[in-house]
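Descriptive analysis of the structure
Spelled out, the chains give:
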Amino acid sequence: MQKISYRDRVLLLVVMVILIIVAGVMLLIKPKFDDISAAKSELSSAEAQWTELEGKINQVDAIEERVQKKYNESVEIGSLFVDIKRAYTLERFIQEYIDKNGIYINTNASFSDPSIVELTPYSLQEESLEYSIGQSANLNDASGTENSSASSQNAPAENQSLPCGTISIDYYATRAGLMQFMQDIKDSGKSIEIKSLTIDSNSYNTNPEAVLTGDMTIDVYYAQMISDIDIGGEIEATEPQQ
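Moving on, we get to the pairing of strand 5 (residues 211–221). Strand residues, when the strand is regular, have side chains that alternate between the two faces of the sheet. The buried fraction of strand 5 is high, at eight of 11 residues. When strand 3 (residues 160–174) meets strand 5, the two strands line up antiparallel, connected through 11 bridges. Paired with I167 across the two strands is I218, which belongs to strand 5.

Now for the pattern of salt bridges. One pass over the full model with this rule turns up five salt bridges. The partner of K70 in a salt bridge is E73, and the shortest N-O contact between them spans 3.7 Å. Here K70 pairs with E73, and both are found in helix 1 (residues 6–78), just three residues apart, close to one helical turn. According to the relative accessible area criterion, K70 is exposed, its value standing at 52%. Linking R86 and D113 is a salt bridge whose minimum nitrogen-to-oxygen distance equals 3.5 Å. With R86 in the loop between helix 1 and helix 2 (87–100) and D113 in the loop between strand 1 (104–111) and strand 2 (115–119), this pair connects stretches of sequence that are 27 residues apart. The partly exposed category is assigned to R86, whose relative accessible area is 45%.

Okay, the packing of aromatic side chains next. Taken as a whole and judged by the stated rule, the model has two aromatic pairs. Note on Y104 and Y172: the rings are 5.3 Å apart at their centroids and 20° apart in plane angle, and the pair reads as stacked. Here the residue Y104 occupies a position in strand 1, and Y172 occupies one in strand 3, the gap between them amounting to 68 residues.

The biggest cluster of nonpolar side chains holds 22 residues, and the ones touching the most others in it are I94, I103, I167, F181, M216, I218 and V220. Mapped onto this core, the elements with two or more residues apiece are helix 2, strand 3, helix 5 (175–187) and strand 5. Among the elements that take part in this core, helix 2 stands out by supplying six residues, more than any other. With residues up to four places along the chain from it excluded, the contact list for M216 reads I103, I167, S168, I169, Y171, L178, F181, S196 and L197.

Moving on: a nonpolar patch on the surface. Side chains of Y6, V10, V14, I18, V22, M26, L27, L28, I29, F33 and I36 sit close together on the surface and give an oily, nonpolar patch of about 1,100 Å² of accessible area. Relative to the assigned elements, Y6 resides in helix 1. Judged by relative accessible area, which is 62%, Y6 ranks as exposed.

So, about helix 5. Three- or four-residue spacings in an α-helix give side chains the same orientation, since the helix completes a turn every 3.6 residues. With 13 residues, helix 5 extends 18 Å between its outermost C-alpha atoms, agreeing within 8% with the 18 Å of an ideal straight helix rising 1.5 Å per residue. What helix 5 keeps buried is the set G177, L178, F181, D184 and I185. All buried residues of helix 5 fall inside an arc of 120° around its axis, so they share one side. Opposite the buried face of helix 5, by more than 90 degrees, sit the exposed residues K186 and D187.

Before going further, it helps to examine the side chain of D219. Of note, D219 is situated in strand 5. A distance of 2.9 Å separates polar atoms of two side chains, one belonging to D219 and the other to T166. Discounting chain neighbours no more than four positions away, the residues touching D219 are C164, G165, T166, S191, I192, E193 and K195.

What counts, and at which threshold
- Residues numbered from 1 in each chain as written.
- Predicted model: local features only at pLDDT ≥ 70, side-chain atom pairs only at ≥ 80, totals over all residues.
- Heavy atoms only, no water.
- Buried < 20%, exposed > 50% of the residue type's maximum accessible area, 1.4 Å probe, protein only.
- Helix = DSSP H or I, 4+ residues; strand = E, 2+ residues; numbered from the N terminus.
- Pairing = 2+ DSSP bridges.
- Salt bridge = Lys/Arg side-chain N within 4 Å of Asp/Glu carboxyl O.
- Phe/Tyr/Trp six-rings, centres within 6.5 Å; stacked < 30°, edge-to-face > 60°.
- Core = buried A, V, L, I, M, F, W, Y, C linked by side-chain atoms within 4.5 Å.
- Contact = heavy atoms within 4.5 Å.
- Patch = residues over 30% accessible without salt bridge, like charges linked within 9 Å, V, L, I, M, F, W, Y side chains within 5 Å.
- Areas by Shrake-Rupley, 256 points an atom, 1.4 Å probe, with all protein chains shown as cover.
- Expected span 1.5 Å × (residues − 1).
- Arc of directions from axis to C-beta.
- Polar contact = N/O pair within 3.5 Å; in protein donor to acceptor, adjacent residues only side chain to side chain.

In structure tokens:
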């Protein structure tokens, strides 16, 4: 067997060192680089999520204030209406006003289940007062501009529908009791409308103690009570501001 020279041994040693270095890079260093690259990617994703969460956290106070304001407005509007009642609960509801003021049923009374009615918005129509002397006196002649501006700002309101129950009573009561009954309905702050009220001509009397007879029809408007607010859900559904 031929003896390896010193030069060949050195070359062989160099080749082995290079192979060991390459193997070390492939087996040890490269996986670490891959791990570092994956960690950087996860870090970028975590930073993006943190930025999103931080944006939502910064909006919490504003969102809570906005939701609470809208909730308070809805509760205030909802307090004007009566919760939905069937015919028998409607009778018990109005009984408080009837008993308090001595309103008695003469021959019959009826109470309806709720049904959907449509309400037409109230509108005020003004007659234009235009006359030659008045137009001559208006040196600025701004009426046309004002009228067009007002008409453009006042968009027509839409009809609204909601449940309503109707009460019809053939009553007799003292004049004072009947007047107080109507006043109590007004002071209730609820959406209760005395649709019609008649007083029999043979019973009409201005004496407070006089007994009056007649018919009345009352409409009671309902609305479902607003549920509690879920601020957490509102915040969760809100995208962070860019």
